Amino acid sequence: MLDRRSALRGIATLAAGLAVSSCGSGDRPPVRLAAGEPGGFFWEFSGLLAAAADRAGAARLEPLRTGGSAENLEMLRSGRADLAMSLSDTAQDHPAAADLTAVGRVYENYFQVAVRHDSTVTSPTELAGRVVSVGAPGSGATTLSERVLAAAGLPGRDAVRRVRQPMRDAAAALGAGTVDAVMWAGGLPTPALAEAAVDLRLLDLAAAVDALRRTYGTIYEPVSVPANVYGRHPAVITLGVANLLLASRDLADPVVAAMVDLLLDDPSALVPAQAIGSQFLDAQSLIQTGTIALHPGAAAEYRRRHG
């Protein structure tokens with residue numbers, strides 16, 4: 001059972017990791033990692049990875065604040081980032097997916113839909129006509145929100161009143177009552193929502209997961225959320241989608257190989273506070289990147305390490 005204090009236990013570690021990654025780096029040029037929003041899973045994991053890279057002398061990682069997966073992919077494509085975090089569905093659906101390469105599949109994100117605890121809404125279908133935050137601009141959650149709404153029988157612009165907000169803004173809006181529901185993809189618990197000034201209740205997405213799997217396949221999977229992760233709510237089924245750590249094809253093979261070594265050698269230092277039950281950092285799961293090919297440097301290092 002979790003409380004809000006446990007939801008925040010990784011924030012100090014993350015801040016320290018980001019500080020360490022900016023010190024003691026000598027003249028090494030930074031490797032820019034398109035991460036995500038503060039308070040989100042991508043940002044926390046990126047900070048831990050940067051700190052681990054600094055300790056190992058592997059690289060000087062520079063996590064970049066972004067809106068999320070969609071923005072990260074554009075930064076990687078345009079050369080404004082060398083590494084990027086992305087939801088696997090966003091990466092596979094990207095127009096340039098064939099040109100993307102992966103360092104590995106790292107953790108799993110949980111797509112979550114929250115309402116106030118005192119809300120009368122009990123299922124996604126009851127969001128009709130409501131104000132719903134569908135994710136931050138530039139996030140992969142916005143596309144997934146549309147798919148979940150369609151699976152709930154609410155496709156089209158007029159089915160719900162959509163707003164796009166960063167997670168912290170969405171949490172504040174839910175607390176203030178200016179939105180009726182918040183949709184986002186993150187870890188368990190997501191600090192930006194765990195800090196909300198109101199108890200939340202998560203909606204069960206089992207029916208939506210079944211519908212999405214029929215349409216999109218096993219890229220989506222049902223995952224369990226324990227009771228009372230955010231205030232008082234029952235256990236529910238929600239939607240799991242893997243996170244990928246991606247690399248520019250132009251990033252040097254030794255740098256990418258060093259990232260693989262970090263994932264394999266120091267996994268306990270790379271577990272975000274939001275990673276309840278979603279530890280993927282082993283050789284077998286890391287290479288399961290779906291239709292996104294491994295970067296040549298990553299593939300060679302996995303072969304060297306494990307045959």
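Residues numbered from 1 in each chain as written. Predicted model: local features only at pLDDT ≥ 70, side-chain atom pairs only at ≥ 80, totals over all residues. Heavy atoms only, no water.

Chemist: When you look at the overall build of the protein chain in this model, what are you seeing that I'm missing?
Modeler: On a plain count of helices and strands, the protein chain comes out with 12 helices and 11 strands. Here the protein chain holds 307 residues, and the buried ones make up 56% of them. For the protein chain, contacts bridging at least 24 residues in sequence account for 78% of all contacts bridging at least 6. Of the roughly 12,200 Å² of accessible surface on the protein chain, a fraction of 52% belongs to carbon and sulfur atoms. (Helix = DSSP H or I, 4+ residues; strand = E, 2+ residues; numbered from the N terminus. Buried < 20%, exposed > 50% of the residue type's maximum accessible area, 1.4 Å probe, protein only. Contact = heavy atoms within 4.5 Å. Areas by Shrake-Rupley, 256 points an atom, 1.4 Å probe, with all protein chains shown as cover.)

Chemist: Would you explain the side chain of Thr-190 in this entry?
Modeler: Take Thr-190: it is sitting in the loop between strand 7 (181-186) and helix 8 (191-194). Thr-190 has contacts with Gly-39, Gln-112, Met-167, Trp-184, Tyr-230 and Gln-274, leaving out every residue within four places of it along the chain.

Chemist: Please clarify how the pattern of salt bridges should be interpreted in this entry.
Modeler: This model, assessed by the stated rule, comprises 11 salt bridges. Among the salt bridges present, the one from Asp-93 reaches Arg-147, with a minimum N-O distance of 2.6 Å. Taken together, the positions of Asp-93 in helix 5 (residues 88-93) and Arg-147 in helix 6 (residues 141-151) put the pair 54 residues apart, joining distant regions of the chain. Note that Arg-305 is salt-bridged to Asp-265, the shortest N-O span being 2.5 Å. With Arg-305 in helix 12 (residues 296-306) and Asp-265 in helix 10 (residues 253-265), the pair connects residues that are 40 residues apart, well separated along the chain. (Salt bridge = Lys/Arg side-chain N within 4 Å of Asp/Glu carboxyl O.)

Chemist: Please clarify how the side chain of Thr-289 should be interpreted in this entry.
Modeler: In this structure, Thr-289 sits in the loop between helix 11 (283-286) and strand 11 (293-294). When its relative accessible area of 5% is taken as the criterion, Thr-289 is described as buried.

Chemist: When you look at unusual backbone geometry in this model, what are you seeing that I'm missing?
Modeler: With glycine set apart, most residues show a phi of negative sign, and most peptide bonds adopt trans. Cis geometry is found at the peptide bond from Leu-188 to Pro-189, where omega equals -15°. Its place among the elements puts Pro-189 in the loop between strand 7 and helix 8.

Chemist: So what exactly am I meant to see when it comes to the packing of helix 10 against helix 12 here?
Modeler: Where helix 10 meets helix 12, the closest approach of the two axes is 8 Å, and the angle between their N-to-C directions is 50°. Classified by the angle their axes make, helix 10 and helix 12 are oblique. Judged by the sense of rotation from one axis to the other, the crossing of helix 10 with helix 12 is right-handed. In contact with Asp-253, Val-256, Ala-257, Val-260, Asp-261, Leu-264 and Asp-265 of helix 10, helix 12 contributes Pro-296, Gly-297, Ala-298, Glu-301, Tyr-302, Arg-304, Arg-305 and His-306. Each residue belonging to the contact of helix 10 with helix 12 can be placed in one class, and the counts come to 7 nonpolar, 2 polar and 6 charged. (Axes fitted to C-alpha atoms, helices over the stretch in contact; angles between N-to-C directions. Parallel < 35°, antiparallel > 145°, perpendicular 65-115°, else oblique. Left-handed = near helix turned anticlockwise from the far one by under 90°. Nonpolar A, V, L, I, M, F, W, Y, C, P; charged D, E, K, R; others polar.)

Chemist: When you look at the packing of aromatic side chains in this model, what are you seeing that I'm missing?
Modeler: In this description, an aromatic ring pair is defined by two values, namely the gap between the centres and the angle between the planes. Inspection of every chain in the model, using the stated rule, returns 4 aromatic pairs. Their ring planes at 75° and their centres at 5.6 Å tell us that Phe-45 and Tyr-107 sit as a pair that is edge-to-face. Highlighted residues: Phe-45 in helix 3 (residues 41-56) and Tyr-107 in strand 4 (residues 101-116), separated in sequence by 62 residues. One exposure class covers both Phe-45 and Tyr-107, and it is buried. Plain terms: the ring middles of Tyr-216 and Tyr-220 are 5.9 Å apart, the flat faces sit at 85° to each other, and that makes the pair edge-to-face. On the basis of relative accessibility, which here comes to 38%, the residue Tyr-216 falls in the partly exposed class. Through a chain of ring-to-ring contacts, the aromatic side chains of Phe-41, Phe-45 and Tyr-107 assemble into a single cluster. A cation over a ring is seen here: Arg-147 above Tyr-216, with NZ or CZ 4.0 Å from the ring centre. (Phe/Tyr/Trp six-rings, centres within 6.5 Å; stacked < 30°, edge-to-face > 60°. Lys NZ or Arg CZ within 6 Å of the ring centre and 35° of its normal.)

Chemist: How should the nonpolar core be read in this particular structure?
Modeler: Where a protein is soluble and globular, its nonpolar side chains tend to be buried together. In this structure, Leu-61, Leu-83, Leu-127 and Leu-263 are the most contacted members of the largest nonpolar core, which totals 59 residues. Taken domain by domain, this core gets at least three of its residues from each of domain 1 (31-107 + 242-306) and domain 2 (110-241). Ala-171, Val-179, Leu-188 and Leu-202 belong to the second largest nonpolar core, which has 24 residues in total. (Core = buried A, V, L, I, M, F, W, Y, C linked by side-chain atoms within 4.5 Å. Domains from an automatic or database assignment.)

Chemist: What exactly am I supposed to notice about the pairing of strand 3 (residues 83-87) here?
Modeler: Regular strands place their side chains on alternate faces of the sheet. In terms of burial, strand 3 is largely enclosed, as 5 of its 5 residues are buried. Neither face of strand 3 is open: one carries Leu-83, Met-85 and Leu-87, the other Ala-84 and Ser-86, and all of them are buried. Of the strand pairs in this sheet, strand 1 (residues 30-36) and strand 3 are connected by 2 bridges, and their pairing is parallel. Considered in strand 3, the bridge of Ala-34 is made with Ala-84. Summarising the sheet, strand 3 and strand 10 (residues 236-247) pair through 5 bridges and their orientation is antiparallel. Following the sheet pairing, Met-85 is matched in strand 10 by Leu-245. (Pairing = 2+ DSSP bridges.)

Chemist: I tried to follow the confidence of the model for the protein chain on my own but got confused; where do I start?
Modeler: Close inspection of predicted coordinates is inappropriate for parts of the model with low pLDDT. Confidence along the protein chain averages 88 in pLDDT terms, with 90% of residues attaining 70 or more. Across residues 1-25, confidence stays below pLDDT 50; counting only partners more than four residues off in sequence or on other chains, it has 43 contacts. (pLDDT = per-residue confidence, 0-100.)

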